[in-house]
Amino acid sequence: MDQQLLLIRRKIAKIVQKPDHILKFLQVPGRLLDISIESQSFGWGVLTACKKKTGGGSGGDAGRLAAMSDAPAYTLEVLLPCVDRHFDEVDGTEKSDDLKDAPLLWRGSVRFCRPAKPDDDKELVSMRLFTVTLENIDRISAVRIFTPPAVNTPEARKKVSMSVDEVKKRFPEGLPLLDPIKDLGIEEDEFKILMDRAEALANRLSSHKLAAEYPEVDRIRLVQSYEKRHETKEKARLLRDKARSFQTMAMKDDLKKMKRVLKKIGHVDANGVIQTKGRTACEINTANELVVTELIFAGVFKSLTVEQCVALLSTMTFDERGKDDDDPTAGMKSYLLNPFNKLQEVAKTVAQVQVACGLDVDEDDFFAQFKPGMM
């Protein structure tokens, strides 16, 4: 609900910020404006000047370029409470020395200044003049205060700061705002719908358990923790999707290499059509399909007895470690040694084809899967 309310308020702000609606309230200095710059809320500040972009196309090429630029049509000079970022980085003697010169700085920018916090030392907080646009206005107060003609002196800005503090004391529940419909005269149907939605969401949010049972500080902390958790889960989901995509890419690359292997050993033709060897390999599911198929089509089993065939096939399924792994054929009978040597020759050929096609195959590990322990 917080996010929905924030989006609706941004849409409302875009309509309110149109020059046709608010410009007439910005012509005279002293108006209190709630300002945000680059998503940083500076709070209530005081308008000192409203300037229109110069250059309407009548001043030659320079004038036409100025009129065509993307620069905002209106800029505002606003005194805002802020703290020089320099004081966040220094302490001790250097900090006390710089405090003496700080009031002399009267121009502010978000690069060198940050919004003032409630727990900041009052000596660090000063009013500085920021140049903003209509889009930086969050709220417009109905209150106007007196501002000196020149605000570049520390004394003048101090008086303005004291006036703002006095206004806040008089309105402890919040400064009165200009009514968008009565004061600004906004009569768009879309605006009224957005206002109704914002009011409904605000009422629902105020009656929520978090708002009713928890202080505002705790509520903000809990909401931020939930948002952080949600953001972390979303990042994890994106990383999982990315990992899957990489895995799919790797699998696609391996599939291409496997296809090349099948073409080289004759399981499929140049067009990818399955041949007899390929169909035979499809029927084998308890051993290495490629090696067994090569043994069959090489005619190895034709010259063997049933006993020799069974003994040779046992090497495909037997997976226990032998007593003498250095020489697995030690003690093997001569009539079984020749078939096993033919198996190793076929396995070597298959392994070399796979390596030549780019598959990550270790020839020694490939041979080691054929154990003649039962022969």
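First, a word on what this report is: a plain description of the structure on this page. (Residues numbered from 1 in each chain as written. Predicted model: local features only at pLDDT ≥ 70, side-chain atom pairs only at ≥ 80, totals over all residues. Heavy atoms only, no water.)

### Some remarks on the overall build of the protein
Scanning the protein from N- to C-terminus turns up 13 helices and 6 strands. Counting over 375 residues, the protein shows a buried share of 34%. (Helix = DSSP H or I, 4+ residues; strand = E, 2+ residues; numbered from the N terminus. Buried < 20%, exposed > 50% of the residue type's maximum accessible area, 1.4 Å probe, protein only.)

### Structural notes on the packing of aromatic side chains
A complete count under the given rule lists 2 aromatic pairs for this structure. Aromatic pair F42 and F130: ring centres 5.2 Å apart, planes at 55°, arrangement tilted. Here F42, found in strand 2 (residues 40-52), pairs with F130, found in strand 5 (residues 125-133); they are 88 residues apart in sequence, far enough to count as distant. You can call F42 buried: its relative accessible area is 4%. Over the aromatic face of F297 sits the side chain of K277, whose NZ or CZ is 6.0 Å from the ring centroid. (Phe/Tyr/Trp six-rings, centres within 6.5 Å; stacked < 30°, edge-to-face > 60°. Lys NZ or Arg CZ within 6 Å of the ring centre and 35° of its normal.)

### A look at the nonpolar core
Ranked by size, the top nonpolar core spans 32 residues in total, and within it L33, L76 and I137 carry the most contacts. Secondary-structure elements contributing two or more residues to this core are helix 1 (2-16), strand 1 (31-37), strand 2, strand 3 (74-84), strand 5, strand 6 (137-144) and helix 6 (189-206). Looking at which element gives the most residues to this core, the answer is strand 3, with 5 residues. Contacts of L33, omitting those with residues within four sequence positions, involve L26, G43, W44, G45, L47, L76, V78, I137, R139 and I140. (Core = buried A, V, L, I, M, F, W, Y, C linked by side-chain atoms within 4.5 Å. Contact = heavy atoms within 4.5 Å.)

### Focus on helix 5 (residues 154-170)
The terminal C-alpha atoms of helix 5 lie 25 Å apart, and with 17 residues this matches the ideal 24 Å at 1.5 Å per residue to within 8%. Contact partners of the buried residues in helix 5: strand 1, strand 2, strand 3, strand 5 and strand 6. (Expected span 1.5 Å × (residues − 1).)

### Details of a negative patch on the surface
Among the surface-exposed residues, D254, D360, D362, D364 and D365 lie close enough to one another that they form a single negatively charged patch. Structurally, D365 can be placed in helix 13 (residues 363-368). Since its relative accessible area comes to 56%, D365 is described here as exposed. (Patch = residues over 30% accessible without salt bridge, like charges linked within 9 Å, V, L, I, M, F, W, Y side chains within 5 Å. Areas by Shrake-Rupley, 256 points an atom, 1.4 Å probe, with all protein chains shown as cover. Salt bridge = Lys/Arg side-chain N within 4 Å of Asp/Glu carboxyl O. Lys, Arg positive; Asp, Glu negative; His and termini not counted. Charge placed at Lys NZ, Arg CZ, Asp CG, Glu CD.)

### Overview of a positive patch on the surface
On the surface, a cluster of positive charge is made up of K252, K256, K259, R260, K263 and K264. Mapped onto the fold, K252 is located in helix 8 (residues 216-264). Given the relative accessible area of 52%, K252 is considered exposed.

### Section: the pattern of salt bridges
Within the structure shown, the criterion is met by 11 salt bridges. Here E77 ties to R107 by a salt bridge, and the two come within 2.9 Å at their closest N and O atoms. Here R107 lies in the loop between helix 4 (92-101) and strand 4 (113-115) and E77 lies in strand 3, a separation of 30 residues in the sequence. Judged by relative accessible area, E77 falls into the buried class, the value being 6%. We note a salt bridge from R170 to E166, for which the minimum N-O separation is 3.6 Å.

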